[in-house]
Amino acid sequence: MIPLSQPQWQLKEGLLKDRPTDSAATDSWQQQLAGACREVPALLAALGLDPAEAPYPLEARSAFPLRVPQAFIDLMQPGNWFDPLLLQVLPLARESEQAPGFSQDPLKERDTNPVPGLIHKYHGRVLLIASPACAVHCRYCFRRHFPYEDNTPSRADWDKALDYIRQRPDITEVILSGGDPLALNDRRLAELVGAINAIDHVTTLRFHTRLPVVLPDRISPELCDTLQAIDKKVVFVIHCNHPAELGEALARSLGKLRALGVTLLNQTVLLSGVNDNAEALSALSRGLFNVGVLPYYLHQLDRVEGAAHFELTDEQARQLHTRLMEQLPGYLVPRLVREDPNIVYKAPLVQATPAGSQ
Ligand SMILES: *Cc1c(COP(=O)(O)O)cnc(C)c1O
Ligand code: SF4
């Protein structure tokens, strides 16, 4: 048994060693993706949790259904209803509570959407929705009301998006996002990346992805070949919220990316009940650095309907950020920001008076 009082991220190596190897270790990433858990009872059973003993009301049927790959379940602590990874994926009844200020499209992205699947809001860089699908459904996701299936970009949409980029020499960076760009299969991804690689004025290709974290085998040999063939700078911004997400398989996959010269950054969303304490956040920064990743952004939540119970106040967020500045070298302190539909950069949550001045 694992004592509940001990932080889980100090136990992970032992945990992994003690577990029998399961299918996640041998199936291809596509098989693991297709086999992701979609049923609440199956997830709870895998963790030895009895739904009758749930300490909070669950939501059996959500319009944004449960989805979580086995590799991510393997990082959860059995028997713990408050496991910080479980709480990111388990649908709760609280999600149907209405909260003032929370809407279905908090970022109003439709206003900065010149062609389908492309968002051009920030200077010099465009964001391409390479795939609307995700390997995991995060309960706090701002795209949880997005009609994913109706928005699968067609080849014609990609052509329009690529033309848009070709015609604008001031666009120097293309960000592949989603959903998750790595939910695309290797062949389609290679096609898209190849087309971007052929545009001379684009100097940097960036991936925003959570897939290496929830399904580390996604860093497949085919993907590595595609990355190897790019002559642009390549940046991966992974999305890791808690030090318990930093397993050995992720470390191995990140090692492959580093060997290809990929710059590795991380973004985290501040989540009440998951990572709203300075110990977890500083362990996350240090753990990321150990596997070659620098912390980039610490986000205040996007105010999407269904996620209100995850929100921290700006004051709480600033206090946590101050603790990080006190505890960590500057290069391990992520920038505390919020996405604002009316501002063309990630707006910093400005610190009030320094702590020292009381
Ligand atoms: C976050 C974001 C970017 C990238 O911003 P950086 O500050 O360069 O990380 C670009 N476009 C959009 C629409 C974004 O939301
Ligand atoms: S991986 Fe990202 S886009 Fe996908 S559900 Fe999670 S937060 Fe949303």
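Below you will find a few notes about this structure. Since the model is a prediction, treat every value here as computed from it, not as a measurement.

The first and last C-alpha atoms of helix H11 (residues 278-290) sit 18 Å apart over 13 residues, in line with the 18 Å expected at 1.5 Å per residue. If you check which residues of H11 are buried, you get Ala 278, Ala 280, Leu 281, Ser 282, Ala 283, Leu 284, Ser 285, Gly 287 and Leu 288. Tucked into the core, H11 has its buried residues touching strand S5 (233-239), strand S6 (263-269), strand S7 (294-299) and helix H12 (314-327). Looking one or two places after H11, you find Gly 292, whose phi comes out positive at around 85°.

For the rest of this paragraph, the subject is the environment of Asn 266. Here Asn 266 shows up in strand S6. Note on Asn 266: relative accessible area 1%, which makes it buried. Counting along the chain gives 57 residues from Asn 266 to Thr 209, while the straight-line C-alpha distance between them is 9.5 Å. Sequence-distant contacts of Asn 266, defined by excluding residues within four places in its chain, comprise Val 237, Ile 238, His 239, Cys 240, Leu 288, Val 293, Leu 294, Pro 295, Tyr 296 and Tyr 297.

All residues adjacent to ligand 2 are Cys 134, Val 136, Cys 138, Cys 141, Gly 179, Arg 210 and His 239. Among the cavities detected, the one that contains ligand 2 is the largest cavity.

Before going further, it helps to spend a moment on the site of ligand 1. Within the structure, ligand 1 sits among Ile 119, Tyr 122, Arg 125, Leu 127, Ile 175, Arg 206, Tyr 296, Tyr 297, Glu 339 and Lys 346. Side-chain polar atom of Tyr 297 to an oxygen atom of ligand 1: 2.6 Å apart, as the coordinates give it. With respect to ligand 1, the side chain of Glu 339 contributes an N or O atom lying 3.4 Å from an oxygen atom. Contact with the protein chains covers 92% of the free accessible surface of ligand 1, which is 380 Å². The cavity that encloses ligand 1 is the largest cavity. Among the secondary structure elements, those contributing two or more residues to the shell around ligand 1 are strand S2 (125-131) and S7. In the shell around ligand 1, the residues fall into six nonpolar, no polar and four charged.

Rules used in this analysis
Residues numbered from 1 in each chain as written. Chains lettered and ligands numbered in written order. Predicted model: local features only at pLDDT ≥ 70, side-chain atom pairs only at ≥ 80, totals over all residues. Heavy atoms only, no water. Helix = DSSP H or I, 4+ residues; strand = E, 2+ residues; numbered from the N terminus. Expected span 1.5 Å × (residues − 1). Buried < 20%, exposed > 50% of the residue type's maximum accessible area, 1.4 Å probe, protein only. Contact = heavy atoms within 4.5 Å. Near = heavy atom within 4 Å. 1 Å grid on protein atoms, 1.4 Å probe; cavity = no way out; pocket = protein on both sides within 12 Å on 5 of 7 lines; lining within 4 Å. Sits in = over half its atoms within 2 Å of the grid points. Polar contact = N/O pair within 3.5 Å; in protein donor to acceptor, adjacent residues only side chain to side chain. Areas by Shrake-Rupley, 256 points an atom, 1.4 Å probe, with all protein chains shown as cover. Nonpolar A, V, L, I, M, F, W, Y, C, P; charged D, E, K, R; others polar.

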